[in-house]
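Structural overview
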Amino acid sequence: MPRRGTPLIVVIALAVASVGALTARSQEPHPPPGSVIEVRTNLVRVPVSVTGKDSALIGDLQESNFRILEDGNPVAMKFFASTEAPAQVLVLVETGPAVYLIEREHLIAAYSLLGGLAPTDRVALATYDQSARLLLPFTTDKIMLSRAMGGLEYTMGMANLNFYDSVAASLDSLAALPGKRALVVLSTGLDSTSEDRWSALEGKLRASDVTIFPVALGGSLRDADSSQGSSASQKSKKRTRAAAASDSSAPVQPPPELSFQRSTQALHAIAQLTGGQAFLPSSPDDFIPISKQIAAILRHQYLLAFAPSAHDGHFHTIEVQILDSNSASSPPTVRQGSRVYARQGYLAPSP
């Protein structure tokens, strides 16, 4: 029998009980390094990571180096937290039969990730097959999570592999927590539920300010599945990866067939909508550098916030620009060669 954890929806109650709901009081714009960040609920939170021309992460930017555009128009920044702010990271692991065959891969990934996180970062562990379950609540004790990972058990049925709803439940569990929040998903990305579950998840992703980092499991199985596709499918897959690597605001939609090809596109879409990055390791040797990269991104992530310009319940686009620090007598200019990872937009509050 598989291990039974706490239903993940319970995490919401645990989070509210332990840290409280996000406060509505005003916050200091520049909290001290290492403090827990709380942003007023009427602000739009935008986690941001930035790389330079050499693809190296940039961690020394100031508030004056950022400009936020809402629907193409500059908005005033109401909150800024530098990279020293601790992160809250939920690790969601698939425990279906496909992962049972490659268990060693995600264990290597998790251990490498934990080794790269800051001591003040808090981590939690959840698993999913038919539904998501919390195994370890948030803690700064990384050794506890390593032990929990080593004791995972797996189900043998593929009939109800509910990936989309499990990601959605994970986002709900993180919603009440303060500061920088991230979801690291170790998954094949396969989902056996109906197509409308993807539509429901996409709507939640558009409204969420949690950064998601999907790490695809089943490298050899995924490659074998892809090689059996038609040439048209291969071209579609290449276009999907190209779109995920671009700055286009259009989300990558997974195709209707249930396959690793579909799951790959879904993983890219999830990362693209939330300002994260998707990783497709092809061998166990790839997991260590990928996990170290995710940890480095979290250590170099900024948290910005602005007040929504409208309360219309509609989706509004977000663009974050990096500005050069010029002299006081000249206007700032957009820095060339930098790449920004941030959420694509937000759902405005209802009237």
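Higher on the page you've got the structure.
Notes on the structure follow. (Residues numbered from 1 in each chain as written. Predicted model: local features only at pLDDT ≥ 70, side-chain atom pairs only at ≥ 80, totals over all residues. Heavy atoms only, no water.)

**So, unusual backbone geometry**
The phi dihedral of Ser55 falls on the positive side, at around 70°, and the residue is not glycine. Within the secondary structure, Ser55 is located in the loop between strand 2 (44-51) and strand 3 (66-70). Backbone geometry at Asp71 places phi at a positive 55°, although glycine is not the residue there. (Helix = DSSP H or I, 4+ residues; strand = E, 2+ residues; numbered from the N terminus.)

**Digging into the packing of helix 5 (residues 163-174) against helix 6 (residues 196-207)**
Two elements in contact, helix 5 and helix 6, have axes separated by 9 Å at closest approach and are oriented at 25°. Judged by the inter-axis angle, helix 5 sits roughly parallel to helix 6. The two elements helix 5 and helix 6 cross, and the hand of that crossing is left-handed. Taking contact as the criterion, the partners of Tyr164, Asp165, Val167, Ala168, Leu171 and Asp172 in helix 5 are, on helix 6, Arg197, Trp198, Leu201, Lys204 and Leu205. (Axes fitted to C-alpha atoms, helices over the stretch in contact; angles between N-to-C directions. Parallel < 35°, antiparallel > 145°, perpendicular 65-115°, else oblique. Left-handed = near helix turned anticlockwise from the far one by under 90°. Contact = heavy atoms within 4.5 Å.)

**Details of the environment of Leu347**
Topologically, Leu347 is positioned in strand 14 (residues 345-347). Accessibility expressed as a relative area gives 41% for Leu347, which makes it partly exposed. Counting along the chain gives 142 residues from Leu347 to Leu205, while the straight-line C-alpha distance between them is 9.9 Å. Apart from residues lying up to four places away in sequence, Leu347 is in contact with Gly203, Arg206, Ala207, His314 and Phe315. (Buried < 20%, exposed > 50% of the residue type's maximum accessible area, 1.4 Å probe, protein only.)

**Examining the sheet that holds strand 4 (residues 73-75)**
In space, the four strands of this open sheet follow the order 4-3-12-14, with antiparallel pairing throughout. Two strands lie at the open edges of the sheet, namely strand 4 and strand 14, each paired on one side alone. Averaged over neighbouring strand pairs, the angle between their axes works out to 35° when direction is ignored. Pairing analysis gives five bridges linking strand 3 to strand 12 (residues 315-322), with the strands arranged antiparallel. The residue of strand 12 that forms the bridge with Ile68 is Val320. Against the sheet, helix 6 contacts strand 12 and strand 14, and its axis sits at roughly 105° relative to strand 14. (Pairing = 2+ DSSP bridges.)

**Focus on helix 9 (residues 260-274)**
Spanning 15 residues, helix 9 covers 21 Å between terminal C-alpha atoms, matching the ideal 21 Å at 1.5 Å per step. Among the 15 residues of helix 9, 15 are classified as buried, and the element is accordingly described as predominantly covered. Gly275, located one to two residues past helix 9, shows a positive phi value of around 80°. (Expected span 1.5 Å × (residues − 1).)

**Some points on the nonpolar core**
Counting residues in hydrophobic clusters, the biggest one holds 32 residues, and the most contacted among them are Leu125, Met149, Leu186, Phe213 and Ile294. Contributions of two or more residues to this core are made by strand 6 (87-94), helix 3 (103-116), strand 7 (122-128), helix 4 (142-150), strand 9 (180-187), strand 10 (211-216) and helix 10 (287-299). Core analysis: the second largest hydrophobic core is formed by 30 residues, Ala126, Tyr128, Leu201 and Phe260 among them. (Core = buried A, V, L, I, M, F, W, Y, C linked by side-chain atoms within 4.5 Å.)

**Thoughts on the sheet that holds strand 2**
Pairing is antiparallel across the open sheet formed by four strands, whose spatial order is 5-11-2-13. The sheet is open, and its two borders are formed by strand 5 (77-81) and strand 13 (339-342), each paired with just one other strand. Averaged over neighbouring strand pairs, the angle between their axes works out to 30° when direction is ignored. Inspection of the sheet shows strand 2 paired to strand 11 (residues 302-306) by five bridges, in the antiparallel sense. Counterpart to Pro47 in the pairing with strand 11 is Leu303.

**Focus on empty space enclosed by the protein**
Evaluation of the coordinates by the stated rule reveals two cavities of 30 Å³ or more. Reported here for the second largest cavity is a volume of approximately 50 Å³. If you go around the second largest cavity, the residues you meet are Val91, Ala109, Ala110, Leu113, Val184, Leu186, Val215, Ser291 and Ile294. Taken together, the elements giving at least two residues each to the lining of the second largest cavity come down to helix 3, strand 9 and helix 10. With three residues, the single largest contributor to the lining of the second largest cavity is helix 3. Residues belonging to the lining of the second largest cavity are distributed by class as follows: eight nonpolar, one polar and no charged. (1 Å grid on protein atoms, 1.4 Å probe; cavity = no way out; pocket = protein on both sides within 12 Å on 5 of 7 lines; lining within 4 Å. Points joined across faces, edges and corners; volume = space filled by probe spheres on them. Nonpolar A, V, L, I, M, F, W, Y, C, P; charged D, E, K, R; others polar.)

**Comments concerning the packing of aromatic side chains**
Tallied over the entire structure, the rule returns seven aromatic pairs. Arranged with centres 5.8 Å apart and planes meeting at 35°, the rings of Tyr128 and Phe163 form a pair that is tilted. Of this pair, Tyr128 sits in strand 7 while Phe163 is found in helix 5, placing the two residues 35 residues apart along the sequence. Judged by centre distance (5.3 Å) and plane angle (65°), the rings of Tyr164 and Trp198 are edge-to-face. Here the residue Tyr164 occupies a position in helix 5, and Trp198 occupies one in helix 6, the gap between them amounting to 34 residues. Relative accessible area serves as the criterion here: at 0%, Tyr164 is assigned to the buried category. (Phe/Tyr/Trp six-rings, centres within 6.5 Å; stacked < 30°, edge-to-face > 60°.)

**Brief notes about the pattern of salt bridges**
A full pass over the atoms with the stated rule returns seven salt bridges. For the salt bridge of Arg181 with Asp209, the shortest nitrogen-to-oxygen distance reads 2.3 Å. Of this pair, Arg181 sits in strand 9 while Asp209 sits in the loop between helix 6 and strand 10, and the two are 28 residues apart along the sequence. You can call Asp209 buried: its relative accessible area is 15%. Three or more residues joined by partner-sharing salt bridges are found here, namely Arg45, Arg181 and Asp209. (Salt bridge = Lys/Arg side-chain N within 4 Å of Asp/Glu carboxyl O.)

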